[in-house]
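Chains, contacts and geometry: an overview
These are the residues of each chain, in order.
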Amino acid sequence: MTIRATNQADVIPLRPLPAAADPAPPALPPEPLWRDLVGEVLRRERRAQGRTLKDVSEASRISMAYLSEVERGRKEASSEVLAAAARALGLSLADVLALAGERLVSLTAARTRSRSRTLGTVGGRRPAGTAGPAGPMGGVLLAA
């Protein structure tokens, strides 16, 4: 057996590929990333207080460049960094995480509604007699 033959493997797609004539389904909004949500909360709170990035950077002892990257969702900050930024804004780490969690819930709900429309539901519910990905009994659908 040649090296080429041993390096080849059968690939089984997890989902069937759409036929060439089938129109592509509308794209869903991208899954929100935690770092984007936390950065959004920090930036929104800083701006609501009328504070500059430099001011919060100095108060939190986080470099202005790094804090900017965190706010823009470019860096995944440690819990120590997030706690320092939160304290500089007069918040607790729990406050920042709760606000980010609320935003995640609202974005996920919007994404689920968008997915429901894509899958052919009516008024947020599937037509009678059909079973969706959650099964005939319903339940929570988490999309990856």
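Not measured: the values here are computed from a predicted model.

Quick word on the overall build of the chain
If you tally the helices and strands in the chain, you get 6 helices and 0 strands. Listed N to C, the secondary structure of the chain is α-α-α-α-α-α in terms of helices and strands. The burial tally for the chain puts 24% of its 144 residues in the buried class. Sequence-distant contacts, at least 24 apart, represent 64% of the contacts inside the chain between residues at least 6 apart. If you sum the accessible surface of the chain, you get close to 10400 Å²; carbon and sulfur atoms cover 58% of it.

Considering the environment of A100
Within the fold, A100 resides in helix α6 (residues 93-119). For the pair formed by A100 and V38, sequence separation is 62 residues and the distance between their alpha carbons is 5.4 Å. Excluding its chain neighbours within four sequence positions, the residues that come into contact with A100 are W34, L37, V38 and V41.

Some words on the nonpolar core
Counting residues in each nonpolar core, the largest one holds 19 residues, and the members touching the most others are V38, L42, L67, L82 and V96. Every element with two or more residues in this core is listed here: α2 (34-48), α3 (53-60), α4 (64-71), α5 (79-88) and α6. By residue number, the principal contributor to this core is α5, which donates 5 residues.

Things to note about the confidence of the model for the chain
Per-residue confidence for the chain averages 79 on the pLDDT scale, and 60% of its residues sit at or above 70. In this model residues 129-139 is a low-confidence stretch, pLDDT under 50, and it forms 8 contacts with partners more than four residues away in sequence or in other chains.

The rules behind these values
- Residues numbered from 1 in each chain as written.
- Predicted model: local features only at pLDDT ≥ 70, side-chain atom pairs only at ≥ 80, totals over all residues.
- Heavy atoms only, no water.
- Helix = DSSP H or I, 4+ residues; strand = E, 2+ residues; numbered from the N terminus.
- Buried < 20%, exposed > 50% of the residue type's maximum accessible area, 1.4 Å probe, protein only.
- Contact = heavy atoms within 4.5 Å.
- Areas by Shrake-Rupley, 256 points an atom, 1.4 Å probe, with all protein chains shown as cover.
- Core = buried A, V, L, I, M, F, W, Y, C linked by side-chain atoms within 4.5 Å.
- pLDDT = per-residue confidence, 0-100.

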